[in-house]
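# Structural features, examined
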Amino acid sequence: MPLDSYLAQRLHLIADLTFADLVDPEAASRFGRFAEDPSPWVQPDVAVENGEIAGPHGPVPVRTYTPRDPGSTALLWVHGGGFLAGDLDMPEAHVVASELAARAQASVVCVDYRLATDGVRHPVPLDDVRAAWRWFRNERAADAHTVALGGASAGAALALAAAVHDRDEDVRPADLLLLAYPFAHFPVPAPTAATAADMAHLPPTMRFTTTDIEFMVENYVGRLTDLPRDALPGAAALHRLPPVRLLVSEYDDLRPSGELLARQLTASEVPVTAYLAVGMPHGHLNRTPALAEVDRSLDFFADALRQ
């Protein structure tokens, strides 16, 4: 399928921009206009509360989303950002959590793990996520019928790694994993020739080059070789994991990682249901449901939480 028509019509705004250009106010303004959706997002009727929990490296901020009539499902959600960016206010955290809470009548908590900046490296972000998951599972969601764990991109890798730790430590696992366009492997498999050709016209700020991917890995782990299996957990044993809902973006250099993960999970006899967000680039959950495919992606996860 072609790139989403709304995004395609706006590509001219960022056609010649790189991330390095965004320090220029005019370039940043153009990038901001590209990020605008067809209509403003209106937050659903959910109560939002900020807090923090204890972690091995100090307090970990969390944000709780509670629908007006909560059901028996709870979700801990982990945003992406290449392990070095992102926060609780980004759409991939705030919009996603609000929408899933409202659509599934689920209690949702987002975790603001420490980022790989200023000398922070693996396993610190994962330690924060695991601490939040233990608190969530044992205290916040102790009485929930279904307790899910999920995340997007680097956050999906962190969520998957936490699930692998649960299995290895033989503690109560999540009932469900929700993984959006996961960054789960290094090296990332090459895209098919057809996908590579389709993506060739995209501007640099919508791509991940080999250099970009190596930078994210080295920044997170501190090296490019002998990586811990829980850093990019596609390298870990994946048997005996909870059922997985796996969302991948069509126009995404990391799509092959998600597709390989789906095959690995199937080979490991883990139930996996996959959905391809057609016409969407990586990180499309940083958009809003004003884009039809973002709306469908959110429903893909919400449907799993309602079951």
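The preceding data block contains the structure.
The rules we used
- Residues numbered from 1 in each chain as written.
- Predicted model: local features only at pLDDT ≥ 70, side-chain atom pairs only at ≥ 80, totals over all residues.
- Heavy atoms only, no water.
- Pairing = 2+ DSSP bridges.
- Helix = DSSP H or I, 4+ residues; strand = E, 2+ residues; numbered from the N terminus.
- Axes fitted to C-alpha atoms, helices over the stretch in contact; angles between N-to-C directions.
- Contact = heavy atoms within 4.5 Å.
- Buried < 20%, exposed > 50% of the residue type's maximum accessible area, 1.4 Å probe, protein only.
- Core = buried A, V, L, I, M, F, W, Y, C linked by side-chain atoms within 4.5 Å.
- Phe/Tyr/Trp six-rings, centres within 6.5 Å; stacked < 30°, edge-to-face > 60°.
- Lys NZ or Arg CZ within 6 Å of the ring centre and 35° of its normal.
- Patch = residues over 30% accessible without salt bridge, like charges linked within 9 Å, V, L, I, M, F, W, Y side chains within 5 Å.
- Areas by Shrake-Rupley, 256 points an atom, 1.4 Å probe, with all protein chains shown as cover.
- Salt bridge = Lys/Arg side-chain N within 4 Å of Asp/Glu carboxyl O.

## Details of the sheet that holds strand β5 (residues 146-152)
Read across the sheet, eight strands follow the order β1-β2-β4-β3-β5-β6-β7-β8 without closing on themselves; strand pairing throughout is mixed. Where the open sheet ends on each side, the last strands, each with one partner, are β1 (46-53) and β8 (272-281). The mean angle between the axes of side-by-side strands here comes to 20 degrees, regardless of whether they run parallel or antiparallel. Along the sheet, helix α9 (residues 292-306) makes contact with β3 (73-78), β5, β6 (176-180), β7 (244-251) and β8, crossing β8 at roughly 165 degrees.

## Some points on unusual backbone geometry
Residue Pro123 is reached from His122 by a cis peptide bond, and omega for that bond is 10 degrees. Position of Pro123 relative to the elements: it lies in the loop between β4 (107-111) and α4 (124-140). The linkage connecting Phe186 with the following residue, Pro187, adopts the cis geometry, with an omega of -5 degrees. Residue position: Pro187 is located in the loop between β6 and α6 (193-199). In the Ramachandran plot, Asp170 falls in the positive-phi region, its phi being about 55 degrees despite a non-glycine side chain. Taking relative accessible area as the criterion, Asp170 reaches 68% and is therefore assigned exposed. The residue Tyr181 is not glycine, and still its phi comes out positive at about 30 degrees. You can call Tyr181 buried: its relative accessible area is 1%.

## Notes on the nonpolar core
Membership of the largest hydrophobic core comes to 57 residues, with the highest contact counts inside it found for Phe136, Leu179 and Phe183. Not counting chain neighbours up to four residues away, the residues in contact with Leu179 comprise Gly151, Ala156, Ala159, Leu160, Val244, Arg245, Leu246, Leu247, Leu261 and Phe301. Counting 46 residues, the second largest nonpolar core, distinct from the first, contains Leu7, Met90, Leu176 and Phe300.

## Some remarks on the packing of aromatic side chains
Per the stated rule, a full pass over the model turns up eight aromatic pairs. Considering the side-chain rings of Phe83 and Phe183, the 6.0 Å spacing of their centres and the 45 degrees angle between planes classify their relative orientation as tilted. Linking Phe83 in the loop between β3 and α3 (94-104) with Phe183 in the loop between β6 and α6, this pair joins segments that are 100 residues apart in sequence. Here Phe183 falls in the buried class, since its relative accessible area comes to 1%. Taken together, a centroid distance of 5.6 Å and an interplanar angle of 35 degrees make the contact between Phe300 and Phe301 tilted. An identical accessibility class is assigned to Phe300 and Phe301; each is buried. The ring of Phe34 carries the charged tip of Arg287 above its face, separated from the ring centre by 5.0 Å.

## A short note on the pairing of β5
Most of β5 is tucked away, with seven of its seven residues classed as buried. Burial of β5 is two-sided: the residues Thr146, Ala148, Gly150 and Ala152 facing one way and the residues Val147, Leu149 and Gly151 facing the other way are all buried. In this sheet, β5 lies alongside β3 in parallel orientation, the contact comprising six bridges. Across the sheet, the residue bridging to Val78 is Gly151, located in β5.

## Quick look at a nonpolar patch on the surface
A contiguous nonpolar patch, built from Met1, Leu276 and Val278 and spanning about 260 Å² of accessible area, is present on the exposed surface. With respect to the helices, strands and loops of the structure, Met1 is situated in the segment before α1 (5-10).

## A closer look at the pattern of salt bridges
Note that side chains of opposite charge can pair when their charged atoms are close. On inspection of all chains with the given rule, the structure shows 16 salt bridges. A salt bridge links Arg103 to Asp299, with the nearest nitrogen and oxygen atoms 2.9 Å apart. Linking Arg103 in helix α3 with Asp299 in helix α9, this pair joins segments that are 196 residues apart in sequence. Given the relative accessible area of 28%, Asp299 is considered partly exposed. Here the salt bridges do not stand alone but share partners, grouping Glu99, Arg103, Asp295 and Asp299 into one network.

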